[in-house]
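These are the residues of each chain, in order.
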Amino acid sequence: MPAEILENCIFCKIASKEVKSRIIKETGSFIVIKDVNPVAPVHFLIISKKHYASVNDIDEGFNGEEVFKTIKELAKEYKVDEKGFRVVINTNNDGGQTVMHLHIHFMAGKTFGWPPG
Ligand code: AMP
Ligand code: ZN
């Protein structure tokens, strides 16, 4: 098992395909899946293949450019680039993070309010 895969981490298992899921998109460093409990008509998770518990743990190997490229592609492919979308990274307790494996929420198909509450 590669060092970056944590044994009891659900997103490590999904990213390494040990647990089956419908992968929407795959890049060198990320996979994109549908959120199992969507809060918007379009709700994807961009999941790092390498295990980082949160943004606090990312290192020089983290490909931020690829994240933004993936966001841009998703927006175009799902035709929400013009109307808009929201990207969120919940981090630790105050950020509302529940799965301790870095992931980026991509949400669209509704009008989000601000502040988020
Ligand atoms: P958070 O850690 O708060 O940023 O959110 C974790 C998100 O992962 C939630 O929106 C869950 O609905 C979603 N989630 C948890 N387990 C799975 C899974 N097995 N497949 C897809 N989405 C999941
Ligand atoms: Zn993990």
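Just above sits the structure.
Residues numbered from 1 in each chain as written. Chains lettered and ligands numbered in written order. Predicted model: local features only at pLDDT ≥ 70, side-chain atom pairs only at ≥ 80, totals over all residues. Heavy atoms only, no water.

Draft legend 1. Here's a closer look at the site of ligand 1. Every one of the 15 residues lining ligand 1 counts as a neighbour, but Asp 35, Gly 96, Thr 98, His 103 and His 105 are closest to it. Here Val 99 contributes a backbone N or O atom positioned 2.9 Å from an oxygen atom of ligand 1. With respect to ligand 1, the side chain of His 105 contributes an N or O atom lying 2.7 Å from an oxygen atom. Considering ligand 1 on its own, with 510 Å² of exposed area, one finds that the protein chains cover 79% of that surface. Broken down by secondary-structure element, the contributors of at least two residues to the shell around ligand 1 are helix H1 (10-15), strand S2 (30-34) and strand S5 (103-108). Class assignment for the residues of the shell around ligand 1 results in 6 nonpolar, 7 polar and 2 charged. (Near = heavy atom within 4 Å. Polar contact = N/O pair within 3.5 Å; in protein donor to acceptor, adjacent residues only side chain to side chain. Areas by Shrake-Rupley, 256 points an atom, 1.4 Å probe, with all protein chains shown as cover. Helix = DSSP H or I, 4+ residues; strand = E, 2+ residues; numbered from the N terminus. Nonpolar A, V, L, I, M, F, W, Y, C, P; charged D, E, K, R; others polar.)

Draft legend 2. Focus on the pairing of S2. Among the 5 residues that make up S2, 4 are buried, leaving the element largely enclosed by the rest of the structure. Remark: 3 residues form the turn of the hairpin made by strand S1 (residues 23-26) and S2, two consecutive strands paired antiparallel. With 5 bridges joining them, S2 and strand S3 (residues 42-48) adopt antiparallel strand pairing. Paired with Phe 30 across the two strands is Ser 48, which belongs to S3. (Buried < 20%, exposed > 50% of the residue type's maximum accessible area, 1.4 Å probe, protein only. Pairing = 2+ DSSP bridges.)

Draft legend 3. Geometry of the coordination of the zinc ion (ligand 2). Taken together, Cys 9 (SG), Cys 12 (SG), His 51 (ND1) and His 101 (ND1) make up the full set of protein donors to the zinc ion (ligand 2), lying 2.0 to 2.3 Å away. One can describe the site at the zinc ion (ligand 2) as tetrahedral: its 4 donor atoms subtend angles covering 101 to 116 degrees at the metal. The sequence pattern formed by the donor residues of the zinc ion (ligand 2) is C-x2-C-x38-H-x49-H. Of this pair, Cys 12 sits in helix H1 while His 51 sits in the loop between S3 and helix H2 (64-77), placing them 39 residues apart in sequence. One exposure class covers both Cys 12 and His 51, and it is buried. (Donors = N, O, S within 2.8 Å, 3.2 Å for Na, K, Ca; no water. Tetrahedral: all angles 85-135°; square planar, octahedral: opposite > 155°, others 65-115°.)

Draft legend 4. Highlighting the nonpolar core. Core analysis: the largest hydrophobic core is formed by 13 residues, its most contacted members being Phe 44, Ile 46, Leu 74 and Phe 106. Elements that contribute at least two residues to this core include exactly S2, S3, H2 and S5. Residue contributions to this core peak at 4 residues, all from H2. Not counting chain neighbours up to four residues away, the residues in contact with Phe 44 comprise Ile 24, Val 32, Ile 33, Lys 34, Asp 35, Leu 74, Tyr 78, Ile 104, His 105 and Phe 106. With 10 residues, the next largest nonpolar core counts Ile 5, Cys 9, Cys 12 and Ala 15 among its residues. (Core = buried A, V, L, I, M, F, W, Y, C linked by side-chain atoms within 4.5 Å. Contact = heavy atoms within 4.5 Å.)

Draft legend 5. Fine view of the pattern of salt bridges. On inspection of all chains with the given rule, the structure shows 7 salt bridges. A salt bridge links Glu 26 to Lys 17; the shortest N-O distance between them is 2.9 Å. What makes Glu 26 partly exposed here is its relative accessible area of 40%. We note a salt bridge from Asp 81 to Lys 76, for which the minimum N-O separation is 3.3 Å. (Salt bridge = Lys/Arg side-chain N within 4 Å of Asp/Glu carboxyl O.)

Draft legend 6. Up close: the environment of Asn 56. Checked against the element boundaries, Asn 56 lands in the loop between S3 and H2. Asn 56 sits 48 residues away from Ile 104 along the chain, and the two C-alpha atoms are 14 Å apart. Once you skip the residues sitting within four places of it in the chain, Asn 56 turns out to touch Thr 91 and Asn 92.

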